[in-house]
Amino acid sequence: MESAVTSTWHVIVPVKHSANGKSRLRTPTGVRREDLALAIALDTLGAVLQVVPAHQLLVVTSDPEIRSQMRDFGAVLIADPGRGLNSAVTAGIDAASERAPHSPAAVLLGDLPALTPAELADGLAACAAVEAAVVPDHEGTGTVLISHHDGSRLTPRFGTGSAARHARTATVLDLDLPRLRTDVDNDESLRRAVELGVGRRTEQLLAAGR
Ligand SMILES: Nc1nc2c(ncn2[C@@H]2O[C@H](COP(=O)(O)OP(=O)(O)OP(=O)(O)O)[C@@H](O)[C@H]2O)c(=O)[nH]1
Ligand SMILES: C=C(OP(=O)(O)O)C(=O)O
């Protein structure tokens, strides 16, 4: 699945400690929010690991389960500074720049349970065609991915309405890649992801809760 165009890319994925994540989501009966947050993140990371060599995946998290599983895969673990999403992403960008100065990098949010390796590879290939890119979420207001040919020049401006902020310094890629663009924040986006088809961990957890 790895593409020649993006084989040198580093991908940074921030994931909040699962005990604190997905607070806007009303979890289905029988499913613990913490378990769902973890499953969503692990499905996202599972797709990334099929596209990017593990040593080029930087996971910024304080979650012990994610750290343990990603360590086993050989991914690079970055400590979460504990000051919110943008500072976590900045820690990842700094670590990627240290490892491979001025190399291409992307930041992908970690709540994309319907993501497939094929859609991620297509998304990264589209990003590679422009110097700096932003891929908005399915609603068009948030961001699922930002990239830059020189990763040290990535400036994270995540949070509500982030697509417009990222668009000030990047090309907006309105890609027909729904699995890449469906981040799960609330019941509606979870339903949408389930309709597309979620990864194994999220699927099994939701099935067990039924
Ligand atoms: N490392 C790290 N990741 C974060 C942090 N805040 C959010 N994220 C991750 O960034 C992505 C988008 O997160 P949000 O949807 O904004 O936040 P969330 O905590 O998942 O959900 P809410 O509780 O509803 O805000 C997810 O992959 C989160 O796990 C943070 O402080 N540190
Ligand atoms: C973090 C973001 O959005 P949300 O909180 O909706 O996931 C974002 O789109 O930058």
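Whatever comes next refers back to the structure up there.
Quick summary incoming for the structure in this document. Please read all numbers here as calculations on a predicted model, not as lab measurements.

1. Details of the sheet that holds strand E3 (residues 76-78)
Stage number 1. Read from one edge to the other, the open sheet built from seven strands follows the order E3-E2-E1-E4-E6-E5-E7, with strand pairing classed as mixed. Looking at strand neighbours, the two that pair on one side only are E3 and strand E7 (171-172), the edges of this open sheet.
Stage number 2. Here strand E5 (residues 132-136) runs beside strand E6 (residues 143-148); their pairing, made up of five bridges, is antiparallel. Of the residues in E6, the one forming a bridge with Val135 is Leu145.
Stage number 3. Along the sheet, helix H2 (residues 64-73) contacts strand E2 (57-60) and E3; its crossing angle with E3, the most-contacted strand, is approximately 155°.
Stage number 4. The strands touched by helix H3 (residues 85-99) are strand E1 (10-14), E2, E3 and strand E4 (105-108); relative to E1, the strand with the most contacts, the crossing angle is about 155°.

2. Details of the pattern of salt bridges
Stage number 1. Summed over the entire model, instances satisfying the criterion amount to nine salt bridges.
Stage number 2. Here Glu34 ties to Arg32 by a salt bridge, and the two come within 3.4 Å at their closest N and O atoms.
Stage number 3. Since its relative accessible area comes to 32%, Glu34 is described here as partly exposed.
Stage number 4. With its nearest N and O atoms 3.4 Å apart, the salt bridge here joins Asp43 to Arg201. Of this pair, Asp43 sits in helix H1 (residues 33-49) while Arg201 sits in helix H8 (residues 200-209), and the two are 158 residues apart along the sequence.
Stage number 5. Look at Asp43 and you get buried, because its relative accessible area is 8%.
Stage number 6. Overlapping salt bridges, with partners in common, bring together Lys22, Arg24, Asp111 and Asp185 in one network.

3. What to know about the site of ligand 2
Stage number 1. As a matter of local geometry, ligand 2 sits amid Arg24, Leu85, Leu109, Gly142, Thr143, Phe158, Gly159, Ser162, Asp183 and Asp185.
Stage number 2. A distance of 2.8 Å separates an oxygen atom of ligand 2 from a polar backbone atom of Gly159.
Stage number 3. At 2.6 Å from an oxygen atom of ligand 2 is found a side-chain nitrogen or oxygen belonging to Ser162.
Stage number 4. Bound to the protein, ligand 2 loses 85% of the 290 Å² it would expose on its own.
Stage number 5. Judged by the proximity of its atoms to the pocket grid, ligand 2 belongs to the largest pocket.
Stage number 6. Partitioning the shell around ligand 2 into residue classes produces three nonpolar, four polar and three charged.

About the thresholds
Residues numbered from 1 in each chain as written. Chains lettered and ligands numbered in written order. Predicted model: local features only at pLDDT ≥ 70, side-chain atom pairs only at ≥ 80, totals over all residues. Heavy atoms only, no water. Pairing = 2+ DSSP bridges. Helix = DSSP H or I, 4+ residues; strand = E, 2+ residues; numbered from the N terminus. Contact = heavy atoms within 4.5 Å. Axes fitted to C-alpha atoms, helices over the stretch in contact; angles between N-to-C directions. Salt bridge = Lys/Arg side-chain N within 4 Å of Asp/Glu carboxyl O. Buried < 20%, exposed > 50% of the residue type's maximum accessible area, 1.4 Å probe, protein only. Near = heavy atom within 4 Å. Polar contact = N/O pair within 3.5 Å; in protein donor to acceptor, adjacent residues only side chain to side chain. Areas by Shrake-Rupley, 256 points an atom, 1.4 Å probe, with all protein chains shown as cover. 1 Å grid on protein atoms, 1.4 Å probe; cavity = no way out; pocket = protein on both sides within 12 Å on 5 of 7 lines; lining within 4 Å. Sits in = over half its atoms within 2 Å of the grid points. Nonpolar A, V, L, I, M, F, W, Y, C, P; charged D, E, K, R; others polar.

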